[in-house]
Amino acid sequence: MSIKKHVKLGLSALALSISFNSVAAEDPIKVGILHSLSGTMAISESTLKDTMLMLIEKQNEAGGVLGRQLEPVVVDPASNWPLFAEKARELLAKEKVDVIFGNWTSVSRKSVLPVVEELNGLLFYPVQYEGEESSENVFYTGAAPNQQAIPAVDYLMNDIGVERWVLAGTDYVYPRTTNKILETYLKDKGVAADDIMINYTPFGHSNWQSIVSDIKKFGSAGKKTAVVSTINGDANVPFYRELGNQGIDAADIPVVAFSVGEQELSGIDTGPLVGHLAAWNYFMSVDSDANYDFIDAWVEYTGQEDAVTNDPMEAHYIGFNMYIEAVKKAGTVDVDAVKDAIIGVSVPNLTGGYATMMPNHHITKPVLIGEIQDNGQFSVVWETPSTVAGDAWSDFLPGSKDLISDWRKPLFCGNFNVVSGTCGGKADVASQ
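Residues numbered from 1 in each chain as written. Predicted model: local features only at pLDDT ≥ 70, side-chain atom pairs only at ≥ 80, totals over all residues. Heavy atoms only, no water.

Attention now goes to the overall build of the chain. Of the regular secondary structure elements, the chain holds twelve helices and 19 strands. For 432 residues, the compact-globule estimate of 2.2 N^0.38 gives 22 Å, and the C-alpha radius of gyration of the chain, at 23 Å, lies within 12% of that figure. With the principal axes as the frame, the chain shows a C-alpha extent of 100 × 55 × 40 Å. For the chain, the proportion of its 432 residues judged to be buried stands at 56%. Restricting to contacts in the chain with at least 6 residues of sequence separation, those with at least 24 account for 67%. For the chain, the exposed area adds up to about 17,300 Å²; of that, 50% sits on carbon and sulfur atoms. Computing the positive centroid from 31 side-chain charges and the negative centroid from 55, the chain places the two 9 Å apart. (Helix = DSSP H or I, 4+ residues; strand = E, 2+ residues; numbered from the N terminus. Rg over C-alpha atoms; globule rule 2.2 N^0.38 Å. Buried < 20%, exposed > 50% of the residue type's maximum accessible area, 1.4 Å probe, protein only. Contact = heavy atoms within 4.5 Å. Areas by Shrake-Rupley, 256 points an atom, 1.4 Å probe, with all protein chains shown as cover. Lys, Arg positive; Asp, Glu negative; His and termini not counted. Charge placed at Lys NZ, Arg CZ, Asp CG, Glu CD.)

See below:
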């Protein structure tokens, strides 16, 4: 072959390479959004879908990432837990998304988990949960129990003087596991079994008359009583309405909720609920420049002057920005490269500080206790002096207190037993 032909072939190959690279550079980064837009959880999850669309729009206006635009791919698992798994598979195997942001309930996350692990996807989960799980494919940007439930109980016990406890929850894995941790914790603190009442109701429960009556009776025994609520979804609306109907005042039996925020209160007459509590890591009323900017952007995006923000929205804000920074750091959207790059990434939160992704795929967060106001907002009455790192495994359950999670090599294990020196293997092996 002549030198001229070599040069010609070389130039053709170079042109082809440039052409392929140009096409690749223009391909959008596909972002799966897996939130219920119908069914019992739509009251909470629809807003998270819109939050993701706003964040993607803002990122694209800023030039995207790695010179590529982001393309949202929205699906509706319709508050149907098996359907969550089907939709996750559709996003990863058919739509070829690079990352998924989604889920609210733990039962939906448990449904999605084996799919995400099998297909080596990335899932950013934005809601408080029960812990007892750590997956190399999941990033938990909501609170673990040590970042919400335990501090809330400590506040009620130490600052309010609560001695009797109603643990009321929706009947699925998050309330049951969280209440299992809290029951053990309370008994370790000297609370008698007779001073703990536990009640579960199905999703969408609407007839609260007899249960609220039982709570009122339980709280009339002469000891300060509180309700720790892990009730989820639209069942909260009739629950709080019944509290008002039966004249349960926050001064008599305060309710501290872990799944009720500004969005859920926007559909309720909050007048009778003033003084009841919620424990989160963010409230819309937080006084910070970052929060005001976020609220302004949300109001502009929705076109609604009365649009509210809430904690899971902040978790998506943090998780999305962590993903963008990890992609920049890795220089690629390759899943394994992003998993390595994201550990240690810090981004601003909306309370004026920073959130950092820890080696156990949980993040650092402040803990806030807020009182419901008559305008549907929360007034912060207590907060931790600094951020708290999320624990994947509870220090209060016998099966998990010796476990740690660290997804850095060489340990690379989600449930390493520090006593036996072995790795359990499965993401949630201790809870099975």
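The two faces of the sheet receive side chains in turn, since in a regular strand these alternate between them. A large share of strand 18 (residues 413-417) lies buried, amounting to five of its five residues. Hairpin connection between strand 17 (residues 403-406) and strand 18: a loop of six residues separates the two successive antiparallel strands, and Phe412 in this loop has a positive phi of roughly 40°. Bridge count between strand 18 and strand 19 (residues 422-423): two bridges; the pairing is antiparallel. Of the residues in strand 19, the one forming a bridge with Phe416 is Cys423. In textbook terms, the turn of a hairpin is the stretch between consecutive antiparallel strands, and for strand 18 and strand 19 this stretch comprises four residues, one of which, Gly421, has a positive phi near 70°. (Pairing = 2+ DSSP bridges.)

Between helix 2 (residues 42-61) and helix 11 (residues 311-330), the least distance of the axes is 10 Å, while the angle of their chain directions is 35°. The handedness of the crossing between helix 2 and helix 11 comes out as right-handed. Along the contact surface, helix 2 presents Thr47, Leu48, Thr51, Met52, Leu55, Ile56 and Gln59, while helix 11 presents Pro312, Met313, His316, Tyr317, Phe320 and Ile324. For the contact of helix 2 with helix 11, a count of residues per class yields nine nonpolar, four polar and no charged. (Axes fitted to C-alpha atoms, helices over the stretch in contact; angles between N-to-C directions. Left-handed = near helix turned anticlockwise from the far one by under 90°. Nonpolar A, V, L, I, M, F, W, Y, C, P; charged D, E, K, R; others polar.)

So, about the sheet that holds strand 6 (residues 164-170). On the basis of which strands lie adjacent, the open sheet formed by seven strands has the order 7-6-8-9-10-14-15 and mixed pairing. Both outer strands of the open sheet, strand 7 (196-201) and strand 15 (378-383), are each paired with one neighbouring strand and no more. In this sheet, adjacent strand axes meet at a mean angle of 25° when their direction is disregarded. Pairing of strand 10 (residues 277-280) with strand 14 (residues 368-372), which is carried by four bridges, proceeds in the antiparallel orientation. Among the inter-strand pairings, Leu277 is bridged to a residue of strand 14, identified as Glu371. Lying over the sheet, helix 5 (residues 149-160) contacts strand 6, strand 8 (225-230), strand 9 (255-257), strand 10, strand 14 and strand 15, oriented at roughly 85° with respect to strand 15.

Quick look at the nonpolar core now. Formed by 70 residues in total, the largest nonpolar core has its most connected members in Leu34, Leu70, Phe101, Phe320, Met322, Tyr323 and Ile342. Those residues in contact with Phe101 that sit more than four places away from it in its chain are Val31, Gly32, Ile33, Leu34, His35, Met52, Phe124, His316, Gly319, Phe320 and Tyr323. One finds Val166, Val237, Ile268 and Ala278 within the second-largest nonpolar core, a separate group that totals 30 residues. (Core = buried A, V, L, I, M, F, W, Y, C linked by side-chain atoms within 4.5 Å.)

Turning to the state of the cysteines, a few remarks are in order. Formally, a disulfide is one covalent bond, and it connects the sulfur atom of one cysteine to the sulfur atom of another. Scanning the entire structure with this criterion turns up one disulfide. Covalently, Cys413 is tied to Cys423 through a disulfide, its sulfur atoms 2.0 Å apart. Across the S-S bond of Cys413 and Cys423 the torsion is about 95°, and the bridge reads as right-handed. Taken together, the residues span a long stretch of sequence, with Cys413 in strand 18 and Cys423 in strand 19 at a distance of ten residues. (Disulfide = S-S within 2.5 Å.)

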